[in-house]
Amino acid sequence: MGVHAKQFEWQVTYPGPDGKLGTADDFTVRNQLHVTVNEPIAVELSAEDVIHSFFVPEFRLKQDAVPGMHIIAWFQATKTGEFEIGCAELCGMGHYKMRARVFVHTPEEFKAWTAQQAAGGTE
């Protein structure tokens, strides 16, 4: 997954049906990171404008996203649920509203969600 930070949102890009990131069938969702429980997850962080910090306290994950760099952050969610993503770097006047959610699904739920999104549906 690619997570692109910009003032003041997180854009998450997922591979489409071909399973490869960076191809024409990818889809992007604003301020939502959907993952599978008990599976190692790598997100490629990038930033458009200033330094942002991808912060998910429940996963003990905090990694800067720096303009011009692509940084990989790894984590593994051990329980299903919904968790907050915050920006832990003062990134401008709208910093307070730069929030998103992580949705941790069972494998079946995640497969159904990605199929719906790839088909152009909404959550």
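See the structure above.
My aim in this report is to walk through the structure given alongside it, one point at a time. (Residues numbered from 1 in each chain as written. Predicted model: local features only at pLDDT ≥ 70, side-chain atom pairs only at ≥ 80, totals over all residues. Heavy atoms only, no water.)

**Brief notes about unusual backbone geometry**
Here is step 1 of the chain: Omega for the peptide link from Gln7 to Phe8 comes to 0°, which places this bond in the cis form.
Here is step 2 of the chain: When you line up the elements, Phe8 lands in the loop between β1 (2-6) and β2 (9-14).
Here is step 3 of the chain: The backbone phi angle of Arg60 is positive, close to 55°, even though this residue is not glycine.
Here is step 4 of the chain: Position of Arg60 among the secondary structure elements: in the loop between β6 (52-56) and β7 (61-65). (Helix = DSSP H or I, 4+ residues; strand = E, 2+ residues; numbered from the N terminus.)

**So, the pairing of strand β9 (residues 81-87)**
Here is step 1 of the chain: As paired elements, β6 and β9 share two bridges and run antiparallel to each other. Across the sheet, residue Phe54 finds its bridge partner in β9, namely Cys87.
Here is step 2 of the chain: In this sheet, strand β10 (residues 99-105) lies alongside β9 in antiparallel orientation, the contact comprising six bridges. Bridge pairing in β10 links Gly81 to Val104. (Pairing = 2+ DSSP bridges.)

**Some points on the state of the cysteines**
Here is step 1 of the chain: Inspection of the entire model under this criterion finds zero disulfides.
Here is step 2 of the chain: Cys87 carries a free sulfur, and the closest cysteine sulfur to it, the one in Cys91, is 3.9 Å from it.
Here is step 3 of the chain: Looking at Cys87, the relative accessible area reads 10%, which means it is buried. (Disulfide = S-S within 2.5 Å. Buried < 20%, exposed > 50% of the residue type's maximum accessible area, 1.4 Å probe, protein only.)

**A look at the pairing of β1**
Along any regular strand, the residues point their side chains to alternate faces of the sheet.
Here is step 1 of the chain: Bridge count for β1 against β2 is five bridges, and the pairing is antiparallel. The residue of β2 that forms the bridge with Val3 is Val12.
Here is step 2 of the chain: Between β1 and β2, which pair antiparallel one after the other, the connecting turn spans two residues.
Here is step 3 of the chain: As paired strands, β1 and strand β5 (residues 41-47) are joined by four bridges and run parallel to one another. The residue bridging Ala5 from the neighbouring strand is Ala47, located in β5.

None of this, on its own, says anything about what the molecule does.
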